[in-house]
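Next come the chains, spelled out residue by residue.
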Amino acid sequence: MQHTLAQSLRAKLRLPVMAGPMFIASTADLVIAQCKAGIIGSMPALNPRSTQALDADLARIAQNVGDMPWCINLVAHKTNERLAADLEVVLRHKVPIVVLALAADAGLVRELQANGSLVFQDVIKNRHAQKCAEMGVDGIIAVGAGAGGHTGDQSPFALVSEIREWWDGLLLLAGCIANGRGVLAAEALGADLAYIGSPFLASTEANTQTGFKQMLVDGSAKDVMVTRCFTGVDASFLRPSLIENGLDPDNLVPATRGGAINISNGGANQRAWRDIWSAGQGIGAIKQAGPAGEWLDWLANDYAAARRDMGLAS
Ligand SMILES: Cc1cc2nc3c(=O)[nH]c(=O)nc-3n(C[C@H](O)[C@H](O)[C@H](O)COP(=O)(O)O)c2cc1C
């Protein structure tokens, strides 16, 4: 079922797609390229080196994307020493969409909404989605199995169906969506928008090493493993990047569940993400590195072809 917010967002988009914010990798240039190519661009507030740099990036994004919706991801966790200062900047720039991660509270949701932002929260379980709905979020991002970053472990068929039983608000689906059929399948399942991360790691505008981009081009689902050893919760990593760092992917020491999340110092102290590279199982669809806009042109054509194949209006 379409509801008003989904309709008004989709009316501004060339494709029913929002980019997932990615620690270290997403840049202001990537957000601008995503928006110019007709999807919702996004990046984490922590990616710019300082709150001042964030301020400058937000001004540049706002100047370059017209009335396209774009998004900043705030990590609302006690170890995020920049939260208060970054929040002030996000409020001042009236960022259109804020994705909250980790320990968000209803007060923060209300503060952002009162200032004009839409607030989305990602979830990996139906119960968590219900808590987010109680907090009054505008959109729920269902992160299914196989996603890049902190992944869910439930099939999107189960997760979206359970959430759609009671939630008719804006619903996004994440996890391995990397081609036109994937976007269409997310819609068929009941999502309003597909939420895509990993394919943008290979884009020119992403802050990812050449070796990382090549590993994505060379890799496929078999190269992605899930472990909580680095961050304390399940996250997807590229097996070859562990091996390159002298680790044995099959013999890792488990971290305490939840205990290892620590993003103090902007998370820059973490080897995971910077040297041990994260990506989702959908990377088989990444055939080359290049500008995000070119990949989105391809995605738009592939999505149109998928719609034609299914006998749907383009
Ligand atoms: C390298 C990497 C870093 C990520 N960092 C964040 C982050 O800082 N905040 C966040 O909310 N999600 C983060 N994610 C998750 C993405 O926003 C998105 O949910 C996910 O990539 C979707 O799955 P896909 O990669 O299979 O498309 C990250 C994902 C990757 C691959």
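Data block above holds the structure.
(A) Seen up close, the packing of aromatic side chains. Taken as a whole, this structure holds six aromatic pairs when the rule is applied. With 4.8 Å between their ring centres and 5 degrees between their planes, F212 and W277 make a pair best called stacked. Placement of F212 in helix α9 (residues 210-218) and of W277 in the loop between α11 (271-274) and α12 (292-309) is noted, with a sequence separation of 65 residues between them. Across this residue pair, the class does not change: F212 and W277 are buried. Ring-pair connections join several aromatic residues into one group, and the members of that group are F200, W295 and W298.

(B) Quick peek at the pairing of strand β8 (residues 170-174). Counting buried positions over the five residues of β8 gives five, a clear majority of the element. Side-chain alternation along β8 places L170, L172 and A174 on one buried face and L171 and L173 on a second face that is also buried. In terms of strand pairing, strand β6 (residues 139-143) meets β8 through five bridges, oriented parallel. Residue pairing for β8: I141 is matched across the bridge by L172.

(C) Here's a closer look at the pattern of salt bridges. With the rule as written, the count across this model stands at 13 salt bridges. Across the pair D153 and K125 runs a salt bridge whose closest N-O atoms are separated by 3.1 Å. With D153 in the loop between β7 (149-150) and α7 (156-164) and K125 in the loop between β5 (118-123) and α6 (126-135), this residue pair connects regions lying 28 residues apart in the sequence. On the basis of relative accessible area, K125 is assigned to the partly exposed category, the value being 29%. Residues joined by salt bridges that share partners form a network here, namely D55, E88 and R92.

(D) A look at the site of the ligand. Around the ligand, 20 residues are found, and the nearest of them are P21, F23, N73, C176 and S198. Residue G148 places a main-chain N or O atom 3.2 Å away from an oxygen atom belonging to the ligand. Protein chains shield 91% of the accessible area of the ligand, which is 600 Å² for the free molecule.

(E) Representation of the sheet that holds strand β11 (residues 235-238) within the structure. Pairing in this open sheet of three strands is antiparallel, and the strands run β7-β11-β10 from one edge to the other. Looking at strand neighbours, the two that pair on one side only are β7 and β10 (224-227), the edges of this open sheet. Alignment of β10 against β11, held across four bridges, turns out to be antiparallel. Paired with V224 across the strands is L238, a residue of β11.

(F) Spotlight on the sheet that holds β6. Taken together, the eight strands give an open sheet; going across it, the order is β1-β9-β8-β6-β5-β4-β3-β2, and neighbouring strands pair in parallel fashion. Only two strands of the sheet have a single partner each, and these edge strands are β1 (17-19) and β2 (41-44). For this sheet, the mean inter-axis angle between neighbouring strands, taken without regard to orientation, is 25 degrees. Bridge analysis of strand β3 (residues 70-75) against strand β4 (residues 97-101) gives five bridges, and the strand direction is parallel. Residue pairing in the sheet places N73 in a bridge with V99 of β4. In the packing of α6 onto the sheet, the strands contacted are β5 and β6, and the crossing angle to β5 comes to about 165 degrees. Taken strand by strand, helix α8 (residues 180-189) contacts β1, β8 and β9 (193-196), and its axis lies near 130 degrees from that of β9.

Reading the values: the criteria
Residues numbered from 1 in each chain as written. Predicted model: local features only at pLDDT ≥ 70, side-chain atom pairs only at ≥ 80, totals over all residues. Heavy atoms only, no water. Phe/Tyr/Trp six-rings, centres within 6.5 Å; stacked < 30°, edge-to-face > 60°. Helix = DSSP H or I, 4+ residues; strand = E, 2+ residues; numbered from the N terminus. Buried < 20%, exposed > 50% of the residue type's maximum accessible area, 1.4 Å probe, protein only. Pairing = 2+ DSSP bridges. Salt bridge = Lys/Arg side-chain N within 4 Å of Asp/Glu carboxyl O. Near = heavy atom within 4 Å. Polar contact = N/O pair within 3.5 Å; in protein donor to acceptor, adjacent residues only side chain to side chain. Areas by Shrake-Rupley, 256 points an atom, 1.4 Å probe, with all protein chains shown as cover. Axes fitted to C-alpha atoms, helices over the stretch in contact; angles between N-to-C directions. Contact = heavy atoms within 4.5 Å.

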